[in-house]
Amino acid sequence: IPASFNAAARDVALQELKLQGYEVVVSDLYAMNFKASATRDDIIGDVRNSEHFQYGEETLHAGMEGRLSEDIVAEQRKVTEAELIIFQFPLYWFSFPAVMKGWIDRVLSQGFAFSLEKMYDNGIFKDKKAMLSFTTGAAPTMFQPDGINGDINVTLWPLQNGILHFCGFQVLAPQIFWSPAHSPPAARAAMLEGWRTRLKGLLAENPLTFARCELFDLSFQGGFLLRPEVKEELATQPLGISTGHHLGKPLPPDNQTRAATAEDERGNGKKACGSIHTV
Ligand SMILES: Cc1cc2nc3c(=O)[nH]c(=O)nc-3n(C[C@H](O)[C@H](O)[C@H](O)COP(=O)(O)OP(=O)(O)OC[C@H]3O[C@@H](n4cnc5c(N)ncnc54)[C@H](O)[C@@H]3O)c2cc1C
């Protein structure tokens, strides 16, 4: 919505990245009236099994045969050409608004964005970057581990790991605009200035850290589980690997909100994810 804070954040990114010489393409999903539901209409021509329509299977084959609907193909082309994708949105129910979730369901289709052989750090988009940039209604303390909403790192895990990293993207730390509607004008202006400053170095930032595929037995017999020798090594570590791979231990702090720093790489107890590279 043009007058919203989200539109202002989008415009700052647009201006700043253009100033740096990047070509910036915007998909304004509400303005496009983008279809959110994943349905049979997404396939041009016949489907393989109309009695039991399975969206994933059908779109995999339709994609290979060039029979996905035009709106999906147009967005997939943008993804293919992009070096960085910024998802700009208001947090709805701890997640994306429905139209953006619909974009993810429909555009990041099997075969185009992932396969069982190509996922996570072996994923199709491993040479691309992606990040979340979002506004909240909640104040930051509400999303602390001891706040009423619980740890924001837990909220972000399915979005950043389950979607972005699953497709291979290097995930940059999220840009969180805390509660702009309840902030005074000067604070809102400062948030946008902070975003502008960050954008100047955004493409040089280190991505977030996740458990690497090589730590797992990537076979159905092995159940895609951590390899025993890795598990043994990790048993001695004080923290879990990541927010999701917590292994029943305390979560590595800020795992979903902050990139690994050089200090982490050297090792100071916060580097649980970095340490697994040595296993
Ligand atoms: C269905 C639903 C579910 C939700 N679920 C959650 C949830 O799970 N967790 C949560 O925390 N919140 C939740 N919310 C709240 C929601 O995240 C916030 O309402 C939203 O993030 C606010 O962003 P906005 O862009 O709409 O802000 P706006 O209300 O558009 O903007 C905030 C203020 O910024 C001002 N502004 C606009 N442009 C500029 C500019 N250039 N410079 C300075 N100021 C400017 C506006 O005038 C306004 O005063 C939910 C809301 C809905 C409707």
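Each chain carries its own residue numbering, running from 1 in the written order of its sequence. Given that the model is predicted, a residue must reach a pLDDT of at least 70 before its local features are reported, and side-chain atom pairs must reach 80 or more before they are shown or counted; all residues, however, enter totals for whole chains, interfaces and linings. Only heavy atoms go into the side-chain values, all of them from the structure, while hydrogens and water stay out.

A. Spatial organisation of the pairing of strand β2 (residues 129–135). With seven of seven residues buried, β2 is to be regarded as a mostly interior element. Side chains of β2 alternate between two faces, with Lys 129, Met 131, Ser 133 and Thr 135 and Ala 130, Leu 132 and Phe 134 buried alike. A crossover counts as right-handed when, viewed with the strands pointing away from the observer, the path leading from the first strand over the helix to the second turns clockwise. Each helix corresponds to a stretch of at least 4 residues labelled H or I by DSSP, and each strand to a stretch of at least 2 residues labelled E; elements are numbered beginning at the N terminus. Chirality of the crossover, the property in question, places the unit of strand β1 (residues 84–90), helix α4 (residues 98–107) and β2 among those that are right-handed. With two bridges connecting them, β2 and strand β3 (residues 170–171) associate as parallel partners. Each bridged residue has a counterpart across the sheet, and for Lys 129 the counterpart in β3 is Gln 170. A pair of strands counts as paired when DSSP detects no fewer than two bridges linking them. Bridge count for β2 against strand β4 (residues 175–177) is three bridges, and the pairing is parallel. Each bridged residue has a counterpart across the sheet, and for Phe 134 the counterpart in β4 is Ile 176. A 1.4 Å probe rolled over the protein chains alone gives each residue an accessible area, and that area as a share of the maximum for its type sets the label: buried under 20%, exposed over 50%, partly exposed in between.

B. Region of the structure containing the site of the ligand. Residues in contact with the ligand amount to 19 residues; listed here are only the nearest, Asn 6, Leu 91, Trp 93, Phe 94 and Thr 135. For the ligand, a nitrogen atom lies 2.8 Å from a polar atom in the backbone of Trp 93. Within the backbone of Phe 94, an N or O atom sits 2.8 Å from an oxygen atom of the ligand. Look at the ligand: alone it shows 1000 Å² of surface, and the protein chains cover 62% of it. Where the shell around the ligand is concerned, the elements lending two or more residues are α1 (5–19) and α6 (185–201). A total of three residues in the shell around the ligand trace back to one element, the largest contributor, which is α1. For this classification, Asp, Glu, Lys and Arg are treated as charged, while Ala, Val, Leu, Ile, Met, Phe, Trp, Tyr, Cys and Pro are nonpolar and the rest, including Gly, are polar. The residue inventory of the shell around the ligand, partitioned by class, reads 13 nonpolar, five polar and one charged. One heavy atom within 4 Å of a molecule or strand makes the whole residue count as near it. Throughout this description, a polar contact denotes any pair of N or O atoms lying within 3.5 Å of each other; where both atoms belong to protein, one of them has to be capable of donating a hydrogen while the other can accept it, and for residues adjacent in sequence the pair is counted only when both atoms sit in side chains. Only the protein chains shown count as cover for residues, and all accessible areas are computed by the Shrake-Rupley method using a 1.4 Å probe.

C. Fine view of the UniProt feature "domain: Flavodoxin-like fold" (unreviewed entry) in the protein. UniProt positions are given in the numbering used here, feature names are shortened, and annotations may be inferred rather than shown by experiment. Mapped onto this numbering, the UniProt entry gives "domain: Flavodoxin-like fold" (unreviewed entry) at residues 4–199. Helix makes up 39% of residues 4–199 and strand makes up 10%, while its end C-alpha atoms are separated by 20 Å.

D. Local environment of the environment of Ser 95. Within the secondary structure, Ser 95 sits in the loop between β1 and α4. Put simply, Ser 95 and Phe 125 are 30 residues apart on the chain and 22 Å apart in space, counted from C-alpha to C-alpha. Among residues more than four places away in sequence, those in contact with Ser 95 are Phe 89, Pro 90 and Leu 159. Pairs of residues are marked as contacts when any of their non-hydrogen atoms sit within 4.5 Å.

E. Spatial organisation of the packing of helix α3 (residues 70–81) against α4. To get an axis, a line is fitted to the C-alpha atoms, and for a helix only the part in contact is used. The angle between two axes follows their N-to-C directions and goes from 0 to 180 degrees. Axis separation between α3 and α4 bottoms out at 10 Å; the angle between their running directions is 85 degrees. As far as their axial angle goes, α4 and α3 are roughly perpendicular. Of the residues in α4, those touching α3 at Asp 71, Ile 72, Glu 75, Gln 76 and Val 79 are Trp 103, Arg 106 and Val 107. Tallied by class, residues from the contact of α3 with α4 come to four nonpolar, one polar and three charged. For classification purposes, angles smaller than 35 degrees are called roughly parallel, those larger than 145 roughly antiparallel, those between 65 and 115 roughly perpendicular, and all remaining angles oblique.

F. Layout of the pairing of β1. With five of its seven residues buried, β1 lies for the most part within the structure. Pairing geometry for β1 and β2, over seven bridges, is parallel. Directly across from Ile 86, in β2, lies its bridge partner Met 131.

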